[in-house]
Amino acid sequence: MGRVRIPIFFDYASTLCYIAWRIVRELEGELGFEALWKGVPIALRDFRAKPGRTLGELERQKVLMVAAETGILVAPPSSWIDSRAALQGSELARDAGVFPAYHDAVFRAAFDSGEDISRLPVLEAIAERAGMDRADFRAGLESGRMESRLEDHKREAEEFSALGYPTFILGDFPLIGIQPIESMRLLLGRYLQQRSDEPQA
């Protein structure tokens with residue numbers, strides 16, 4: 001039996017998704033699962049996350065509280081990030097077989113370096129470092145051919161009632177949000193154990 005895949009609906013615009021990425025990176029190898037990251041722009045589902053809109057004080061405090069609880073100290077950006085191109089780029093990277101390198105670099109750029117991941121040159125440089133051809137990557141973004149895949153992710157998220165980000169899909173159960181690594185280790189470990197106990201067809 002291969003590694004269990006756990007779909008995770010996310011957006012590069014979300015500081016909570018950055019925190020989740022940091023925790024998942026630690027647990028993925030330890031617990032032996034494969035994270036299947038599926039990008040959905042939050043702005044498609046929540047008008048408050050419109051790119052460029054200033055984060056409200058309640059939104060900011062929620063992020064800071066989760067950051068403190070998880071021990072992953074990160075400051076939310078002052079306004080919502082336009083992540084659409086970055087998310088389309090992640091699907092181009094998936095097709096090119098370099099998703100992990102691209103995905104990691106986008107999160108690092110947005111939240112560790114404070115770069116503007118809505119800018120095409122920033123994304124092109126990330127794609128090139130991940131092993132993609134810069135011109136092909138730009139052409140893929142300009143064609144908009146990955147829009148339909150993001151729409152598919154959105155529909156799938158809605159079917160699972162993934163109403164917040166990140167959302168981990170554990171079988172038929174959506175686990176919304178992120179908790180400290182010890183809690184996530186227990187929750188994911190329990191799910192993986194249940195999967196391993198299931199009779200194999």
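Look up a bit, the structure's there.
Draft legend 1. Layout of the environment of Gly71. Its location among the elements puts Gly71 in the loop between helix 2 (57-70) and helix 3 (84-96). Note: C-alpha distance between Gly71 and Ile19 (52 residues apart in sequence) is 9.3 Å.

Draft legend 2. Spotlight on the nonpolar core. Within the largest apolar cluster, 66 residues are counted, with the highest numbers of intra-cluster contacts made by Ile6, Tyr12, Ile19, Tyr102, Ile117 and Phe168. The element best represented in this core is helix 1 (residues 15-31), accounting for nine residues. Those residues in contact with Ile117 that lie beyond four places of it in its chain are Tyr12, Ile81, Asp82, Ala86, Val106, Ala109, Ala110, Val122 and Leu123.

Draft legend 3. A look at the packing of aromatic side chains. All told, the structure shown has 10 aromatic pairs when counted by the stated rule. Look at Tyr12 and Phe107: their rings are 5.0 Å apart centre to centre, the planes differ by 70 degrees, and that puts the pair in the edge-to-face class. Residue Tyr12 is located in the loop between strand 1 (5-10) and helix 1, and its partner Phe107 is located in helix 4 (residues 99-112); the two are separated by 95 residues in the primary sequence. In terms of burial, Tyr12 and Phe107 fall into one category: buried. Members of the aromatic cluster, connected to one another through ring pairs, are Phe10, Tyr12, Tyr18, Trp21, Trp37, Phe107 and Phe111. The positively charged end of Arg94 is found above the aromatic ring belonging to Phe99, 4.4 Å away from the centroid.

What counts, and where the lines are drawn
Residues numbered from 1 in each chain as written. Predicted model: local features only at pLDDT ≥ 70, side-chain atom pairs only at ≥ 80, totals over all residues. Heavy atoms only, no water. Helix = DSSP H or I, 4+ residues; strand = E, 2+ residues; numbered from the N terminus. Core = buried A, V, L, I, M, F, W, Y, C linked by side-chain atoms within 4.5 Å. Buried < 20%, exposed > 50% of the residue type's maximum accessible area, 1.4 Å probe, protein only. Contact = heavy atoms within 4.5 Å. Phe/Tyr/Trp six-rings, centres within 6.5 Å; stacked < 30°, edge-to-face > 60°. Lys NZ or Arg CZ within 6 Å of the ring centre and 35° of its normal.

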